[in-house]
Amino acid sequence: MKIDVNTLNSWDKSYSWHPFTQMQEYLDHKPLHITHGKGCWLYDTEGKRYLDGNASNWTNVHGHSDPELNEALIQQLGSLQQSSYKDLSHPAASQLCHELISIAPEGLNRCFFTDNGASSVEAALKISFQYWQLTGNPQKKLIIGMEGGYHGDTFGAMSAGNSLSFHQRFSEWFLPAHHFMAPQHDDKSKSLCDLDRLLKTYGDQTAILFLEPSVQGPRGIHLQPQGFLQAVAERCKAYNVHLALDEIFVGLGRLGHMLVSTAEGVTPDFLCLSKTLTGGYLPLATTLTTQKIYDAFLGNFNEGKTFLHGHTFAANPLAAAVSIKNIEKLKQRIADGTLQSTCHYFGKSVEFYFGKHPFVKSIRQRGLACAIELYPGSTSTLQNFKSNERIAHHFSLYLRNKEILLRGVGNTLSIVPPLCISDQEIDFLCKQTAAAILEYMHELVISRPAIPVSIAV
Ligand SMILES: Cc1ncc(COP(=O)(O)O)c(C=O)c1O
């Protein structure tokens, strides 16, 4: 039964509650129902197209409705759509474990499945806490995280993170955690000194340190300097603290290689993956860990060592099947140099279109991830937009009229396209966005004369 768009809009407005969304504001606008997708494009109920510059929450790899991923899903549908993973297994999960271990850094050889990023972080936390209890170190209970970190919205993940604009309200319920300074541009020394200070004071009580290696995505694509990950890893080893790498954003192709940890030769104690794990098809996450940690949980059931934790849809067969095909295709995209050349072209285009843009204060870009800081322009008397003006969010709504979907938070516009984006689509994305920023700022000038009007396009 096809339901007309007005009915859909009214049901959406009457009954839905969207994540990270001020619903009062949402209700002021006409809802945008996405009905289908093909490649990097999404289409609405009126057939209007949008370039998916946000890769549908940073998940999309080979495009929407990819024939090979569709086929993998259809094949799996023909045999098994769901079965418990408690005390049971199924072929797709076992094959996916094998695939994941083959791409993971040497020494990670156990996969614990969940179904979203935050849950994979919770699993790492709980396995770590239980490991220290089982191995005679029950005092190791603290968490260390980095300034600006984001690991998801469950309580353990919020505690490991430091995303106060989102989570401050809940901070009185957080687990005990300390956070060290993030590195600034090319300078890692202050950050590492701060970490040393924390480890000297709390190392013997600390269970686990969480890091988003190379790039903090949700913070607004904040980059870490070369060698930072190795330096953090060495310190964790020296203080007998588990290192958990959250590659939920950066892993599986986003930065041009399969995994940051493998590329940088670091084996963590835990590695969390989700987002691109199923190519943007179905919810799935995994927490990889070492044999040493796994072995500590082995024993007679009555010894109380079992990890009593899990999720109903863990290792769902459909998600596992599509993930296997996604990884196979991603390996190919990396091996033949396509992904590297897309990243290279993206970097050059971002620089070309935004590098000297009059309303762009700075750019942070690595791989297929980029953040653009909007500001009122060098000739304006205003230094910056106030972050509660949410200029980037309002601009992202404006950009929908230019056939582009992006996400904006505060003054920061994030461009995180599907990994399969073509050079022509990158040109379209950057050129349209750059021109739209000019237009949008020009319209703002009319209502707020502090911003300069004369702009060369
Ligand atoms: C680095 C990172 N960690 C964890 C998460 C949480 O993942 P999920 O939204 O699937 O819980 C996200 C989501 O944006 C993320 O970017």
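For the structure itself, look to the data block above.
Residues numbered from 1 in each chain as written. Predicted model: local features only at pLDDT ≥ 70, side-chain atom pairs only at ≥ 80, totals over all residues. Heavy atoms only, no water.

A. The packing of helix 5 (residues 91-103) against helix 13 (residues 317-335), seen in detail. For the pair helix 5 and helix 13, the least separation of the axes is 9 Å and the interaxial angle reads 35°. Helix 5 and helix 13 meet at a crossing whose hand is left-handed. From helix 5, Ala92, Ala93, Gln95, Leu96, Glu99, Leu100, Ser102 and Ile103 reach across to helix 13, where they touch Pro317, Ala320, Ala321, Ser323, Ile324, Ile327 and Lys331. (Axes fitted to C-alpha atoms, helices over the stretch in contact; angles between N-to-C directions. Helix = DSSP H or I, 4+ residues; strand = E, 2+ residues; numbered from the N terminus. Left-handed = near helix turned anticlockwise from the far one by under 90°. Contact = heavy atoms within 4.5 Å.)

B. Representation of the site of the ligand in the model. Residues in contact with the ligand amount to 13 residues; listed here are only the nearest, Gly117, Ala118, Pro218, Asp246 and Lys275. At 2.8 Å from an oxygen atom of the ligand is found a main-chain nitrogen or oxygen belonging to Gly117. Measuring from an oxygen atom of the ligand, one finds a backbone N or O atom of Ala118 at 2.8 Å. Summarising the interface, the protein chains cover 82% of the accessible area of the ligand, which totals 390 Å² for the free molecule. The residue makeup of the shell around the ligand, split by class, is 6 nonpolar, 4 polar and 3 charged. (Near = heavy atom within 4 Å. Polar contact = N/O pair within 3.5 Å; in protein donor to acceptor, adjacent residues only side chain to side chain. Areas by Shrake-Rupley, 256 points an atom, 1.4 Å probe, with all protein chains shown as cover. Nonpolar A, V, L, I, M, F, W, Y, C, P; charged D, E, K, R; others polar.)

C. Representation of the packing of aromatic side chains within the structure. All told, the structure shown has 13 aromatic pairs when counted by the stated rule. Geometrically, the ring pair formed by Trp58 and Phe249 is tilted, given 4.3 Å between the ring centres and 50° between the ring planes. Of this pair, Trp58 sits in helix 3 (residues 55-58) while Phe249 sits in the loop between strand 10 (242-246) and helix 11 (260-263); the two residues are 191 residues apart in sequence, bridging distant segments of the chain. Comparing Trp58 with Phe249 shows no difference in burial state: the two are buried. Both rings, one in Tyr85 and one in Phe113, keep their centres 5.9 Å apart while their planes meet at 70°; by these two values the pair is edge-to-face. Taken together, the positions of Tyr85 in the loop between helix 4 (67-77) and helix 5 and Phe113 in strand 4 (residues 108-114) put the pair 28 residues apart, joining distant regions of the chain. Through a chain of ring-to-ring contacts, three or more aromatic side chains come together here, namely Phe20, Tyr150 and Phe166. When the ring centre of Tyr294 is taken as origin, the NZ or CZ atom of Arg110, which lies over that ring, is 3.6 Å away. (Phe/Tyr/Trp six-rings, centres within 6.5 Å; stacked < 30°, edge-to-face > 60°. Buried < 20%, exposed > 50% of the residue type's maximum accessible area, 1.4 Å probe, protein only. Lys NZ or Arg CZ within 6 Å of the ring centre and 35° of its normal.)

D. Region of the structure containing unusual backbone geometry. Positive phi, normally seen in glycine, also occurs at Ser65, with a value near 50°. Using a relative accessible area of 29% as the deciding quantity, one classes Ser65 as partly exposed.

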